[in-house]
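# Remarks on the overall topology
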Amino acid sequence: MTADVTVSPRAASTGLGSPEARGAEDVLAGFDAALGFGRRRRALFVLAVVLATSTVVAVGLGPVFIPPGTVMRIVSHHLIGVPREWTWSVSDDAIIWQVRLPRVLLGIVVGAGLGVTGLALQAIVRNPLAEPYLLGVSSGASTGAAAAILFGVGASFGVYATTIVAFIGALGAMFMVMALAGVGGAITPGRMLIAGVAVSQMLHASTSLLVLFADSENAATAVLFWVLGSTAAGEWSLLPWATIGVGVTTGVLSWWRRRLDLLALGDEPARAMGVDPDHTRTVLVILIALCTGAVVAVAGGIGFVGLAVPHIARRFVGAAHALAIPATAMLGALLLVWADVAARLVVQPRELPIGVVTAVVGAPVLVALVRRLHLLDN
Amino acid sequence: MELAARSLTVELGGRVVVDCVDLDTLEGAVLGLLGPNGCGKSTVVRSLTGSVPIRSGTVTLDGIDVRSLTTREIAQRVALVPQDAMTVPGLSVAEVVLLGRTPHRRDHQSFGAEDRRIAADALDTVGCTHLAQRRWTQLSGGERQRVHVARCLAQGAEVLLLDEPTNHLDVRYQHEILALVRHSGLTTLVVLHDLNLAAQYCDAVALMSAGAIRCCGPTEAVLDPAVLTEIYEIDVKRLVDGDRSAFAFGPGPNRAPT
């Protein structure tokens with residue numbers, strides 16, 4: 001064929017079909033260098049060390065400062081029964097073990113949860129602006145929380161009424177979004193975005209209406225504070241539920257890390273590489289909504305973490321989910337640990353809603369990010 | 001490995017888009033699928049990969065009905081270069097090519113040295129080793145298509161489907177990508193618009209119009225000016241200069257507008 005005659009010489013010069021020109025080992029070494037696993041794993045390790053150190057330091061920070069060494073001794077005493085040496089006061093013990101540690105741990109769980117669900121949703125709907133609240137769960141949780149705070153809905157649940165009713169609200173919102181997105185066939189990314197926005201707006205309106213009808217300024221402030229988010233309610237009894245939700249979700253996402261990569265590539269390539277996109281998306285969306293619902297029910301609607309953290313994490317370890325998932329989890333946790341420190345230190349003796357802190361930190365990051373996306377496009 | 005469709009019929013939104021199509025790929029050769037816009041070429045390819053449900057008829061791989069195979073089993077045998085350019089936030093070329101190994105690993109299995117070697121060789125085969133570290137968004141159209149082919153090679157499939165791979169490419173890259181596919185020795189089905197490209201690179205051609213195959217056979221026989229004039233409704237003439245030939249079109253539609 002004439003084609004072979006005309007095209008081959010140039011093809012050869014660009015390296016077509018000439019694997020023997022270089023050693024096979026060189027080719028593999030160059031490929032591995034491009035993947036950069038070693039460098040990226042080191043970044044993960046550094047992140048883990050920073051997070052562990054931050055946790056210890058952050059537990060000591062607050063209206064009463066307790067040095068990291070004492071924190072370590074108190075925690076190891078409670079955790080693994082290291083004998084008590086009475087080098088710390090009873091009040092320090094209570095502050096660390098009863099108040100700050102569960103609060104900081106809750107921040108870690110919530111930050112990790114919001115981060116990984118945001119990361120996964122950005123891949124699932126193929127939109128860099130996706131975040132966990134896209135599924136309407138935070139709006140549903142807010143409506144539930146407002147109903148509980150203002151009208152005593154679910155009072156029979158006792159002190160956990162707000163948390164439980166908020167979770168129920170989150171589930172309700174999720175079912176509405178899934179039902180709307182599933183109208184007329186499979187749940188596609190486009191339908192999900194529209195359904196999420198519609199349900200969120202509707203529930204926002206409902207929450208506002210509840211606040212207006214309640215006609216009580218204190219109660220309205222309580223709802224506002226809840227909606228902005230806080231880990232101040234962190235106590236040992238809430239921790240297991242949020243931890244299970246976030247742990248299971250992170251586990252499943254890690255198990256399906258390559259499916260997330262493929263979903264990000266598109267439905268057709270995903271299917272051609274052996275992954276059923278519709279099935280994977282449906283399972284993941286339900287899981288993510290449950291996890292987000294659990295997180296929001298415990299900590300309120302903390303913003304920007306699920307949106308900004310995945311982008312920062314990808315910058316450190318690349319976009320492949322095998323490493324992006326642990327990196328996002330740790331970075332989200334790190335952000336919330338320090339945002340919570342700021343929330344309890346900046347306007348002492350009052351507390352800032354942590355959502356305000358994450359927004360103050362997150363918004364500039366987002367702006368920088370949009371700038372960078374713009375630069376990449378050109 | 002042979003991919004074959006028998007009486008393939010596809011309905012989209014109540015309209016029959018593909019009507020009783022029979023198609024056979026040729027072992028180790030390139031089959032071109034041609035036809036006017038909207039004639040159902042892409043839908044045929046989509047139904048072959050299972051992206052679009054089949055209303056009736058069968059698709060077989062070496063005689064086995066694909067409906068008895070899982071998505072993963074099909075992916076081990078058939079690879080696709082999709083029509084739409086994928087937009088991937090931040091994945092590098094090396095990562096995209098490595099993902100081609102997905103059908104050969106279970107969810108819990110990590111990619112090992114063997115996968116990386118196969119992916120590295122595939123990238124080398126298409127001459128794009130120097131792009132390994134680049135992000136997908138930083139590639140030109142021609143580079144993307146070559147990386148796609150590398151990913152398909154890494155996938156280890158014996159059948160390669162390409163849906164208009166020359167879209168948006170300039171002349172040089174159009175020829176480069178098709179030469180690459182031809183040299184790969186894979187059983188190939190390629191959807192093309194350009195009749196001259198088809199004439200140069202396809203061993204056989206199927207001509208579609210209005211959802212049905214009108215004509216199928218060796219390239220020389222099917223890409224006949226008389227046949228093309230009838231299907232595309234435009235005057236087609238073959239120009240010959242030494243050992244090269246090309247189709248020339250015009251002067252306009254051979255049927256007066258009604």
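Described in the following lines is the structure provided in the data block. (Residues numbered from 1 in each chain as written. Chains lettered and ligands numbered in written order. Predicted model: local features only at pLDDT ≥ 70, side-chain atom pairs only at ≥ 80, totals over all residues. Heavy atoms only, no water.)

### Things to note about the overall build of chain A
- When you go through chain A residue by residue, the secondary structure sums to 16 helices and 0 strands.
- For the C-alpha atoms alone, the extent of chain A along its principal axes is close to 85 × 55 × 35 Å.
- Expressed as a percentage of its 378 residues, the buried residues of chain A come to 51%.
- Put simply, 74% of the contacts in chain A that link residues at least 6 apart link residues at least 24 apart.
- When the accessible surface of chain A is split by element, carbon and sulfur atoms take 70% of a total near 16100 Å².
- Computed over 23 positive and 20 negative side-chain charges, the separation of the two mean positions in chain A equals 4 Å. (Helix = DSSP H or I, 4+ residues; strand = E, 2+ residues; numbered from the N terminus. Buried < 20%, exposed > 50% of the residue type's maximum accessible area, 1.4 Å probe, protein only. Contact = heavy atoms within 4.5 Å. Areas by Shrake-Rupley, 256 points an atom, 1.4 Å probe, with all protein chains shown as cover. Lys, Arg positive; Asp, Glu negative; His and termini not counted. Charge placed at Lys NZ, Arg CZ, Asp CG, Glu CD.)

### Focus: empty space enclosed by the protein
- For the structure on display, the rule yields 2 cavities of 30 Å³ or more.
- Its boundaries defined by the atoms lining it, the largest cavity holds a volume of some 50 Å³.
- What lines the largest cavity is simply Arg-271 and Ala-272 of chain A together with Thr-49, Thr-71, Ile-74, Ala-75, Val-78, Ala-79 and Leu-80 of chain B.
- Secondary-structure elements contributing two or more residues to the lining of the largest cavity are helix 12 (267-272) of chain A together with helix 2 (71-75) and strand 6 (78-81) of chain B.
- The residue inventory of the lining of the largest cavity, partitioned by class, reads 6 nonpolar, 2 polar and 1 charged. (1 Å grid on protein atoms, 1.4 Å probe; cavity = no way out; pocket = protein on both sides within 12 Å on 5 of 7 lines; lining within 4 Å. Points joined across faces, edges and corners; volume = space filled by probe spheres on them. Nonpolar A, V, L, I, M, F, W, Y, C, P; charged D, E, K, R; others polar.)

### Thoughts on the pattern of salt bridges
Residues and elements named next belong to chain A.
- By the definition in use, this model includes 22 salt bridges over all chains.
- Between Asp-267 and Arg-126 there is a salt bridge whose closest N-O contact spans 2.5 Å. Note that Asp-267 is positioned in helix 12 and Arg-126 in the loop between helix 5 (90-124) and helix 6 (137-151), a separation of 141 residues in sequence.
- Since its relative accessible area comes to 24%, Asp-267 is described here as partly exposed.
- In this structure, a network of salt bridges that share partners links the residues Arg-126, Asp-267, Arg-271, Asp-278 and Arg-281. (Salt bridge = Lys/Arg side-chain N within 4 Å of Asp/Glu carboxyl O.)

### What about the interface of chain A and chain B?
- Between chain A and chain B, the contact holds 49 residues from the first and 61 residues from the second.
- Summing both partners gives a buried area of about 4800 Å² for chain A against chain B, and 59% of it is carried by carbon and sulfur.
- A per-residue breakdown of the area chain A buries against chain B is headed by Phe-31, Arg-258 and Glu-268 of chain A, which together make up 15% of the total.
- A salt bridge links Arg-40 of chain A to Glu-95 of chain B; its shortest N-O distance comes to 2.8 Å.
- Between chain A and chain B we count 12 residue pairs in polar contact (both at pLDDT 80 or more) in total.
- Of all the secondary-structure elements, those providing two or more residues to the side of chain A that touches chain B are helix 1 (2-13), helix 2 (24-35), helix 3 (37-60), helix 11 (257-265), helix 12 and helix 16 (354-377) of chain A.
- Take the side of chain A that touches chain B: its biggest share by element is 9 residues, from helix 2 of chain A.
- Grouping the constituent residues of the side of chain A that touches chain B by class yields 25 nonpolar, 8 polar and 16 charged. (Buried area = accessible area lost by both parts, 1.4 Å probe. Polar contact = N/O pair within 3.5 Å; in protein donor to acceptor, adjacent residues only side chain to side chain.)

### Some points on the sheet that holds strand 2 (residues 15-24) of chain B
Residues and elements named next belong to chain B.
- Read from one edge to the other, the open sheet built from 4 strands follows the order 2-1-4-5, with strand pairing classed as antiparallel. Each having just a single partner strand, strand 2 and strand 5 (64-65) make up the two edges of the open sheet.
- Looking at chain direction, strand 1 (residues 3-12) and strand 4 (residues 56-61) are connected through 5 bridges and run antiparallel. Bridge pairing in strand 4 places Ala-4 opposite Thr-60.
- Sheet strands in contact with helix 1 (residues 41-49) are strand 1, strand 2 and strand 4, and its direction is about 110° off that of strand 1. (Pairing = 2+ DSSP bridges. Axes fitted to C-alpha atoms, helices over the stretch in contact; angles between N-to-C directions.)

### Some words on the side chain of Thr-55 of chain A
Residue and element names in this part refer to chain A.
- Note that Thr-55 resides in helix 3.
- Overall, the relative accessible area of 13% leaves Thr-55 in the buried class.
- Aside from chain neighbours lying at most four places away, what touches Thr-55 is Val-104 and Ile-108.

### Notes on the nonpolar core
- Among the nonpolar cores identified, the biggest contains 88 residues, and Val-110, Ile-124, Met-192, Leu-260 and Ile-302 of chain A are the most heavily contacted of them.
- At 16 residues, helix 5 of chain A tops the list of elements feeding residues into this core.
- For Leu-260 of chain A, the contacting residues outside a window of four places in its chain are Ala-120, Ala-123, Ile-124, Leu-253, Leu-284, His-321 and Ile-325 of chain A.
- Among the nonpolar cores identified, the runner-up in size contains 64 residues, and Leu-265 of chain A together with Leu-98, Leu-207 and Val-236 of chain B belong to it. (Core = buried A, V, L, I, M, F, W, Y, C linked by side-chain atoms within 4.5 Å.)

### Regarding a nonpolar patch on the surface
Residue and element names in this part refer to chain A.
- A grouping of Phe-151, Val-153, Leu-209, Leu-212 and Phe-213 is seen on the molecular surface, where their side chains present a nonpolar patch of about 550 Å² in accessible area.
- Residue contributions to the nonpolar patch peak at 3 residues, all from helix 8 (residues 189-214).
- Examined against the element boundaries, Phe-151 turns out to sit in helix 6.
- Owing to a relative accessible area of 45%, Phe-151 belongs among the partly exposed residues under this scheme. (Patch = residues over 30% accessible without salt bridge, like charges linked within 9 Å, V, L, I, M, F, W, Y side chains within 5 Å.)

### So, the pairing of strand 3 (residues 30-34) of chain B
All names here are of chain B.
- Of all 5 residues making up strand 3, 5 are buried, and the element is well covered by its neighbours.
- Burial of the side chains of strand 3 extends over both faces: Val-30, Gly-32 and Leu-34 are buried on one face and Leu-31 and Leu-33 on the other.
- Bridging between strand 3 and strand 8 (residues 187-191) involves 4 bridges; their strand directions are parallel. Looking across to strand 8, one finds that Leu-33 is bridged to Val-191.
- As paired strands, strand 3 and strand 9 (residues 204-209) are joined by 4 bridges and run parallel to one another. What sits directly across from Leu-31, in strand 9, is Ala-204.

### Some thoughts on the packing of aromatic side chains
- Taken as a whole and judged by the stated rule, the model has 1 aromatic pair over all chains.
- Plain terms: the ring middles of Trp-97 of chain A and Trp-236 of chain A are 4.9 Å apart, the flat faces sit at 35° to each other, and that makes the pair tilted. Of this pair, Trp-97 of chain A sits in helix 5 while Trp-236 of chain A is found in the loop between helix 9 (217-228) and helix 10 (239-255), placing the two residues 139 residues apart along the sequence.
- The lysine or arginine in question, Arg-41 of chain A, covers the ring of Phe-37 of chain A, its NZ or CZ lying 5.3 Å from the ring centre.
- Directly above the ring of Tyr-173 of chain B sits Arg-172 of chain B, whose terminal nitrogen or CZ lies 5.3 Å from the centroid. (Phe/Tyr/Trp six-rings, centres within 6.5 Å; stacked < 30°, edge-to-face > 60°. Lys NZ or Arg CZ within 6 Å of the ring centre and 35° of its normal.)

### Here's the deal with the sheet that holds strand 8 of chain B
All names here are of chain B.
- A sheet is described by the order of its strands in space; here 6 strands give the open sequence 6-7-8-3-9-10, paired in mixed fashion. Only two strands of the sheet have a single partner each, and these edge strands are strand 6 and strand 10 (212-218). Taken pair by pair, the neighbouring strands of this sheet meet at an average axis angle of 15°, ignoring direction.
- Sheet analysis places strand 7 (residues 159-163) next to strand 8, joined by 5 bridges and oriented parallel. Pairing of Leu-161 across the sheet is with Leu-189, part of strand 8.
- Most of the contacts of helix 9 (residues 225-232) go to strand 9, to which it runs at about 30°, and overall it touches strand 3, strand 9 and strand 10.

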